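Summary of structural features
Here are the chains, one letter per residue:
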Amino acid sequence: MISYKQSIIYARYVIIILITAFTLIAILIILTLITVKQLWYNKYIPFYSKGIIKLSLNFFYPIMIAIGKVINVKKDDIRRIYAELNNRLILVDAYNVDGEDMLIITPHCLQKSFCPYKITHNIYNCKRCGKCDVDKLISLKDKYNIHFRIATGGTLARKIIKDVNPKVIIAIACERDLISGLQDVKSIPVVAIINSRPEGPCMNTNVSIDEVEKAIKHFIKE
């Protein structure tokens, strides 16, 4: 009889916990949808809403990837939405950052594959021929006095961020690498700009220079 009563009590606790968990998740989903709508229409969102959307991005991302796999939605499509929401969340705030506190970080695939000059450790090895976007990014670096680095992978990217210690970051990469980076770097505002890949992944990629400069102007101190 005692064992039966204990089982009943245990079952009730489990039910209460499950109901509480589902209620909290439902509230989180509703608040997330409200905040996303506000972000999409560039409306002001309060501080607590920013915390909600950050929590939701990290909480629901693996769930959305799993659901996308079942319903045949490409991972990169979900990653683009993640990056767009992140950018809107970052750019809804006003900043006043010196150029020297800003970092542009890109993958080495922006450099043309036929180029013989190695620029990973020194961007000024670039001969500024104008055949890739590295030349234009160096021009932005010089114009706004910001840091510009090229990384060959996530480990080097993390080292660069640690060494430069920027207040804001403009990251250029493919969807997968951007989301991985966003999840690694949580204490620094990061605008994630997806590169274009006309020749496929990791080969002679491009980036919208206008989009990069727009992000710089949003961050930088006038």
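Located above this text is the structure these notes cover.
Predicted, not measured: the structure shown is a model, and the values here were computed from it.

Examining the nonpolar core
Judged by nonpolar contacts, the single largest core of 29 residues is most densely connected at Val134, Leu137, Ile170, Val212 and Ile216. Listing elements by their share of this core, those giving two or more residues are strand 1 (102–107), helix 4 (134–144), strand 2 (147–151), strand 3 (168–173), strand 4 (190–194) and helix 7 (209–219). In terms of nonpolar packing, the next biggest core, distinct from the first, is built from 24 residues, Ala151, Ile161, Leu178 and Ile188 among them.

Here we look at unusual backbone geometry
Positive phi values are uncommon outside glycine, yet Asn72 reaches one of about 65 degrees. The residue Asn72 is located in the loop between helix 2 (47–70) and helix 3 (75–91) in this model. One non-glycine residue, Cys202, adopts positive backbone phi at about 60 degrees. The topology assignment puts Cys202 in the loop between strand 4 and helix 7. Residue Cys202 is classed as exposed on the basis of its relative accessible area, which comes to 61%.

Section: the side chain of Gln111
Structurally, Gln111 can be placed in the loop between strand 1 and helix 4. Taking relative accessible area as the criterion, Gln111 reaches 15% and is therefore assigned buried. Other than its neighbours up to four places away in sequence, Gln111 contacts Tyr117, Ile119, Cys132, Val134 and Asn204.

Side note on the sheet that holds strand 2
Read across the open sheet, the 4 strands follow the order 2-1-3-4; overall the sheet is parallel. Every interior strand has two partners, whereas the edge strands, strand 2 and strand 4, have only one. Pairwise comparison of adjacent strand axes, ignoring direction, gives a mean angle of 20 degrees for this sheet. With 5 bridges joining them, strand 1 and strand 2 adopt parallel strand pairing. Within the sheet, the bridge partner assigned to Ile104 lies in strand 2 and is Phe148. Against the sheet, helix 4 makes contact with strand 1, strand 2 and strand 3, and its axis sits at roughly 150 degrees relative to strand 2, the strand it touches most.

Description of the packing of aromatic side chains
Applying the stated criterion across every chain, the model contains 1 aromatic pair. Ring plane angle 75 degrees and centroid distance 4.8 Å describe the contact between Tyr95 and Phe219, whose orientation is recorded as edge-to-face. Placement of Tyr95 in the loop between helix 3 and strand 1 and of Phe219 in helix 7 is noted, with a sequence separation of 124 residues between them. With a relative accessible area of 21%, Tyr95 lands in the partly exposed category. A relative accessible area of 0% places Phe219 in the buried class.

Description of the environment of Tyr117
Along the chain, Tyr117 turns up in the loop between strand 1 and helix 4. On the accessibility criterion, Tyr117 (38% relative accessible area) is partly exposed. Spatially, the C-alpha atom of Tyr117 lies 7.9 Å from that of Lys127, the residues being 10 residues apart in sequence. Beyond its immediate sequence surroundings of up to four residues, Tyr117 is in contact with Gln111, Asn125 and Lys127.

Structural notes on the pattern of salt bridges
One pass over the full model with this rule turns up 12 salt bridges. Residue Arg128 is joined to Asp135 by a salt bridge in which the shortest nitrogen-to-oxygen separation is 2.4 Å. Its relative accessible area of 15% is what places Asp135 among the buried residues. The network of salt bridges with shared partners includes Asp77, Arg80, Glu175 and Arg197.

About the criteria used
- Residues numbered from 1 in each chain as written.
- Predicted model: local features only at pLDDT ≥ 70, side-chain atom pairs only at ≥ 80, totals over all residues.
- Heavy atoms only, no water.
- Core = buried A, V, L, I, M, F, W, Y, C linked by side-chain atoms within 4.5 Å.
- Buried < 20%, exposed > 50% of the residue type's maximum accessible area, 1.4 Å probe, protein only.
- Helix = DSSP H or I, 4+ residues; strand = E, 2+ residues; numbered from the N terminus.
- Contact = heavy atoms within 4.5 Å.
- Pairing = 2+ DSSP bridges.
- Axes fitted to C-alpha atoms, helices over the stretch in contact; angles between N-to-C directions.
- Phe/Tyr/Trp six-rings, centres within 6.5 Å; stacked < 30°, edge-to-face > 60°.
- Salt bridge = Lys/Arg side-chain N within 4 Å of Asp/Glu carboxyl O.

Such coordinate-based values are descriptive only and should not be taken to indicate function.
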